[in-house]
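# Fold and geometry: a report
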Amino acid sequence: MTDRQASDLYRRYMAADTAYREHAAACTACTIIAPGPACSAGVRLYESFSTLQAAYINQQ
């Protein structure tokens, strides 16, 4: 993986983290900590974050 690809992956990972945190802050069903996402939008955002996080960690 090139430095540019790693940097892009990191930016997408951080954007997904921000998107989920913003959603959880506004959603009465979802939380930042366990049990985590509880609505369909929260689950989708959290899965995106988790996938990107795993990809970023694996490329390290």
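Definitions and cut-offs
Residues numbered from 1 in each chain as written. Predicted model: local features only at pLDDT ≥ 70, side-chain atom pairs only at ≥ 80, totals over all residues. Heavy atoms only, no water. Helix = DSSP H or I, 4+ residues; strand = E, 2+ residues; numbered from the N terminus. Phe/Tyr/Trp six-rings, centres within 6.5 Å; stacked < 30°, edge-to-face > 60°. Buried < 20%, exposed > 50% of the residue type's maximum accessible area, 1.4 Å probe, protein only.

Right, let's talk about the environment of threonine 18 for a bit. Secondary-structure assignment places threonine 18 in helix α1 (residues 3-26). Placed 31 residues apart in sequence, threonine 18 and phenylalanine 49 show a C-alpha to C-alpha distance of 9.0 Å.

With the rule as written, the count across this model stands at 6 aromatic pairs. Consider the rings of tyrosine 46 and phenylalanine 49, whose centres lie 5.8 Å apart with planes at 55 degrees: the pair is tilted. Placement of both tyrosine 46 and phenylalanine 49 in helix α2 (residues 40-59) is noted, with a separation of 3 residues, approximately one turn of the helix. Judged by relative accessible area, tyrosine 46 falls into the partly exposed class, the value being 35%. Overall, the relative accessible area of 11% leaves phenylalanine 49 in the buried class. Through a chain of ring-to-ring contacts, the aromatic side chains of Tyr10, Tyr13, Tyr20, Tyr46, Phe49 and Tyr56 assemble into a single cluster.

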